[in-house]
Amino acid sequence: MSTRRDAALALLQRLGLDPATVEAGSLTDDALRALLDGPDAAAAAEALGEIGGAAVAQALVPVEITTTGALRKALRRALFRLEQRGIPVPERAPAPPPVRPLDLDVEGFVSAFDGRGDRLIWLTRSQPGGGTLVLDAIVHEPDGLSEVRLVEMSRRDVRRTRERLQEGTGLRLVPADWRALDALVVEAHHRAGAPDRQRDYLRLRPRLTSEPPHAPAELRSSRVTSPDDDEQAALLASGTELLSEPELRTWWPSREAADPILDEMRTVRDSPLVLGHAQTEERLRAVLARATATLFPAATTIRRLEGTAYVLAETGRVPAARRALAAAAALRARPDAADEVPLLAALVQQSIGAFFATEEAHRQDERRDSLVLTPGEALTAPGSSRPGRTPG
């Protein structure tokens, strides 16, 4: 009897097994499981290879396929020893590689809306061999998907690109539920109509996920709680404080959009009708009220405010986020009263005032450079004097 076989028999006896039972092939599944779950599992496996028969080989093969680490190595050695001893060992089919769901590696990032109504959405997915797929989408509210592309970058480049965007443009990309962002991009794809290849998200989407898209819904941060009525009123009234946030500094109307309003205000101001100051002011306020509704349509503005509120909240500016949501809630309650939302009214009034101030400054610059003065300008120009009365 060999030394290896003697050691195997002694070990099995110490573990409470009858070697004759093992040799006869009557080892139960429960006894085998208890043996291979114990502290001496690796040594026990090799002992079974020394004295086991065909039944032991049959029992060890499925265990070896599904086991990992040191025990699997011991089981392989046991099966090899059984083969050396002439015991038939069932063919071992290779274990299928562990399937990692594609969607576990997807992450999402989103920016606030800018003044044009655009926001940036990133969906990233780690590649098995290294690198990261980055889907870069520009989504416009309300027009839909403006641009989409898929590129491969290193993790370091992804991080550096985010940092450069923030440092160079102030654009902050914050993490968000990728499924919610995917739903928004799918929705934007459909709103854009029949997109060309450069705007076809559905062509690129299978490289990121095979899940059906969720129903689209605007993002909402868990950091923000819903206000009661008193809080809502206070948040709405203080909404103009949002104008100091970088994300809203581009929310001014464009000059093209403002031109019809400027023209209407000039008409009121220069009207040949003799109007009192109060009447003129009332007409100008009516123009601004209509302008606010035109420049900030309810459905579009609500979505832009809610999307921007998410970024404000996720970057630690919860009070600002609550003000943005309060403005959105007020506009949702009264879609035709945009001018009664202090934030929106201030955006219109300040932008129109800035346009008029720029015009006036430009006009004065032109007159200053002119050699021809009007009679009024000649009388008020430096060095001029009114003609005195001729002594009688």
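Remember, predicted model here, so these are calculated numbers, not experimental data.

Undergrad: Quick rundown of the pairing of strand S4 (residues 144–153)? Include the residues and the values.
TA: As paired strands, strand S3 (residues 132–140) and S4 are joined by 9 bridges and run antiparallel to one another. Pairing of Asp-136 across the sheet is with Arg-149, part of S4. Between S3 and S4, which pair antiparallel in sequence order, lie 3 residues.

Undergrad: Explain the nonpolar core to me, and be specific about the residues and the numbers.
TA: With 42 residues, the main nonpolar core has Met-265, Val-341, Leu-343, Leu-344 and Ile-352 as its most contacted residues. When residues of this core are traced back to their parent elements, those giving at least two are helix H11 (255–269), helix H12 (277–295), helix H13 (298–314), helix H14 (318–333) and helix H15 (342–368).

Undergrad: So what's going on with H11? Which residues, and what values?
TA: The first and last C-alpha atoms of H11 sit 20 Å apart over 15 residues, in line with the 21 Å expected at 1.5 Å per residue. Buried residues of H11: Ala-258, Ile-261, Leu-262, Met-265 and Val-268, and no others.

Undergrad: Please give an account of empty space enclosed by the protein that cites residues and values.
TA: Scanning the entire structure with this criterion turns up 1 cavity of 30 Å³ or more. Computed from the structure, the largest cavity encloses a volume of approximately 30 Å³. If one sorts the elements of the lining of the largest cavity by residue count, H13 sits on top with 4 residues. Taken together, the residues of the lining of the largest cavity break down into 7 nonpolar, 1 polar and 2 charged.

Undergrad: Before we move on, could you go through the pattern of salt bridges and cite the residues and values that matter?
TA: Here the idea is simple: oppositely charged side chains can pair when their charged atoms come close. Tallying each qualifying case throughout the model produces 25 salt bridges. A salt bridge links Asp-136 to Arg-149; its shortest N-O distance comes to 3.5 Å. Taken together, the residues Asp-136 in strand S3 and Arg-149 in strand S4 connect sequence positions 13 residues apart. The exposure class of Asp-136 is buried, given its relative accessible area of 15%. By relative accessible area, Arg-149 is classed as partly exposed at 44%. With a closest N to O distance of 2.6 Å, Glu-340 and Arg-334 form a salt bridge. A relative accessible area of 46% places Arg-334 in the partly exposed class. In this structure, a network of salt bridges that share partners links the residues Arg-119, Glu-141, Glu-187, Arg-191, Glu-218 and Arg-303.

Undergrad: Run through the side chain of Ser-238, naming residues and quoting values.
TA: Relative to the assigned elements, Ser-238 resides in the loop between helix H10 (229–237) and H11. Looking at Ser-238, its side chain comes within polar contact range of the main-chain oxygen of Ala-234, at 3.1 Å.

Undergrad: Report on the packing of helix H5 (residues 54–66) against helix H6 (residues 69–84), specifying residues and quantitative values.
TA: Where H5 contacts H6, the axes come no closer than 10 Å and their chain directions differ by 150°. With respect to H6, the element H5 is oriented roughly antiparallel. Like other packed secondary-structure pairs, H5 and H6 cross with a definite hand, here left-handed. On H6, the residues touching Ala-57, Leu-60, Val-61, Val-63, Glu-64 and Ile-65 of H5 are Arg-72, Leu-75, Arg-76, Ala-78, Leu-79 and Leu-82. Here the contact of H5 with H6 is composed, by residue class, of 9 nonpolar, no polar and 3 charged.

Undergrad: Got a sec to walk through the layout of surface pockets? Specific residues and values, please.
TA: Where empty space is left becomes clear once a probe the size of a water molecule has been rolled over the atoms. Roughly 400 Å³ of volume is contained in the largest pocket. As for the largest pocket, its lining consists of 17 residues, of which Ala-112, Phe-113, Asp-114, Thr-169 and Leu-171 are closest to the centre. Considering each element in turn, the lining of the largest pocket owes the most residues, 3 residues, to strand S2 (residues 118–126). The residue inventory of the lining of the largest pocket, partitioned by class, reads 6 nonpolar, 4 polar and 7 charged. If you add up the space inside the second largest pocket, you get close to 300 Å³. As for the second largest pocket, its lining consists of 16 residues, of which Gly-115, Arg-116, Pro-253, Leu-295 and Arg-304 are closest to the centre. Those elements giving two or more residues to the lining of the second largest pocket turn out to be H12 and H13. A total of 3 residues in the lining of the second largest pocket trace back to one element, the largest contributor, which is H13. When its residues are assigned to classes, the lining of the second largest pocket shows 8 nonpolar, 5 polar and 3 charged.

Undergrad: I'd love a proper account of the pairing of S3, names of residues and values included.
TA: Most of S3 sits out of view: 8 of its 9 residues are buried. Of the pairings in the sheet, the one linking S2 to S3 comprises 9 bridges and is antiparallel in character. Of the residues in S3, the one forming a bridge with Ile-121 is Ala-137. A loop of 5 residues connects S2 with S3, the two strands running antiparallel in sequence, and Gly-130 in this loop sits at a positive phi of about 105°.

Undergrad: Explain the confidence of the model for the protein chain to me, using residue names and the numbers behind them.
TA: For the protein chain, per-residue confidence averages 83 on the pLDDT scale, and 86% of positions sit at 70 or higher. Note on residues 384–392: pLDDT under 50 across the span, and 3 contacts to partners over four residues away in sequence or across chains.

Parameters and conventions
- Residue numbers run consecutively from 1 along every chain, following the written order of its sequence.
- Per-residue local features are limited, in this predicted model, to residues with pLDDT of at least 70; the limit for side-chain atom pairs, both in listing and counting, is 80 or more; totals at the level of whole chains, interfaces and linings are taken over all residues.
- Derived side-chain values reflect all non-hydrogen atoms in the structure, with water molecules and hydrogen atoms excluded from consideration.
- Any two strands between which DSSP finds at least two bridges are classified as paired.
- Numbering goes from the N terminus for both helices and strands, where a helix is a DSSP run of H or I of at least four residues and a strand is a run of E of at least two.
- What we call a nonpolar core is a set of buried Ala, Val, Leu, Ile, Met, Phe, Trp, Tyr and Cys residues that are connected through their side-chain atoms within 4.5 Å.
- Any residue under 20% of the maximum accessible area for its type is buried, any over 50% is exposed, and the rest in between are partly exposed; the area is computed with a 1.4 Å probe on protein chains only.
- To estimate the expected span of a helix, count its residues, drop one, and scale the result by 1.5 Å.
- The definitions used throughout rest on a 1 Å grid laid over the protein atoms alone, on which a cavity is an enclosed set of points accommodating a 1.4 Å probe that cannot get out and a pocket is an open set flanked by protein within 12 Å on both sides along at least five of seven lines; lining residues are those having an atom within 4 Å of a point.
- Grid points are joined across faces, edges and corners, and a volume is the space filled by probe spheres set on the points.
- Ten residue types, Ala, Val, Leu, Ile, Met, Phe, Trp, Tyr, Cys and Pro, are classed as nonpolar, four, Asp, Glu, Lys and Arg, as charged, and the remainder, Gly among them, as polar.
- Definition used for salt bridges: Asp or Glu carboxyl oxygen within 4 Å of a side-chain nitrogen of Lys or Arg.
- For this analysis, a polar contact is any N or O atom pair within 3.5 Å, provided that within protein one partner can donate a hydrogen and the other can accept it, and provided that sequence-adjacent residues contribute only side-chain to side-chain pairs.
- For helices, the fitted line uses only the C-alpha atoms of the stretch in contact; every axis is such a line through C-alpha atoms, and the angle between N-to-C directions lies from 0 to 180 degrees.
- Each angle receives one of four descriptions, namely roughly parallel if under 35 degrees, roughly antiparallel if over 145, roughly perpendicular if within 65 to 115, and oblique otherwise.
- Here a crossing is called left-handed whenever its near helix is offset anticlockwise from the far helix by less than a right angle, and right-handed whenever the offset is clockwise.
- Should any heavy atoms of two residues lie within 4.5 Å, those residues are counted as being in contact.
- Per-residue confidence from the predictor is given as pLDDT, running between 0 and 100.

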